[in-house]
Amino acid sequence: MSTESHLAFMRRAIALATENVRSGRGGPFGTVIVRDDEILAEGVNLVTLTNDPTAHAEVNAIREACHKLGMFSLNNCTLFTSCEPCPMCLAAIYWARIDRIYYANTAADAARIGFDDAFLYRELLLPIEQRSTPTTQLLQREAKESFAEWENSTIKIPY
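Just so we're clear, the structure is a prediction, and the values are computed from it rather than from any experiment. (Residues numbered from 1 in each chain as written. Predicted model: local features only at pLDDT ≥ 70, side-chain atom pairs only at ≥ 80, totals over all residues. Heavy atoms only, no water.)

S.K.: Outline the packing of aromatic side chains, supporting the account with residue identities and numerical values.
M.R.: Given two aromatic rings, one states the distance between the centres and the angle between the planes to describe the pair. Scanning all chains against the criterion turns up 6 aromatic pairs. Taking the centre distance of 4.9 Å and the plane angle of 10° together, the rings of Phe 80 and Tyr 102 count as stacked. With Phe 80 in strand E3 (residues 77-83) and Tyr 102 in strand E4 (residues 100-105), this pair connects stretches of sequence that are 22 residues apart. Given the relative accessible area of 1%, Phe 80 is considered buried. The exposure class assigned to Tyr 102 is partly exposed, which follows from its relative accessible area of 23%. (Phe/Tyr/Trp six-rings, centres within 6.5 Å; stacked < 30°, edge-to-face > 60°. Helix = DSSP H or I, 4+ residues; strand = E, 2+ residues; numbered from the N terminus. Buried < 20%, exposed > 50% of the residue type's maximum accessible area, 1.4 Å probe, protein only.)

Given below as structure tokens:
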């Protein structure tokens, strides 16, 4: 991929973000996923439109790309996003095995306009018992059966 194509893909992500705000559909975030120098999928933030807190631009683009390819792995793909990914999106990017991330605005830029994820990063570093949302483990021994089934399964699809 050339520098010019990198810039073009980022401009597309930024244009998606801007149009998303102008249309009233959601927040100022846009993403494109590229494979073989072509856009495979696009996504915008649709949290408020869909009442889905996971409907971030990156997650929506990942879902579309995986659906198009018929697979859950996006190896050999590059993600261009109008803003540094939040912790949820970053985790989704890693789970999808995307090779590279390019971003425009920073997390600090997003925080300045009301999209502050700093508390999530702090929460992840805390022991479970110190996190702000009470979290309690129940029925671990019973739940291990599911893991044992997975370990012994001959029909599982590893990922």
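S.K.: Kindly report on the environment of His 6, identifying the contributing residues and their values.
M.R.: Of note, His 6 is situated in helix H1 (residues 3-23). With 31 residues separating them along the chain, His 6 and Asp 37 place their C-alpha atoms 9.1 Å apart. Apart from residues lying up to four places away in sequence, His 6 is in contact with Met 1, Phe 80 and Tyr 102. (Contact = heavy atoms within 4.5 Å.)

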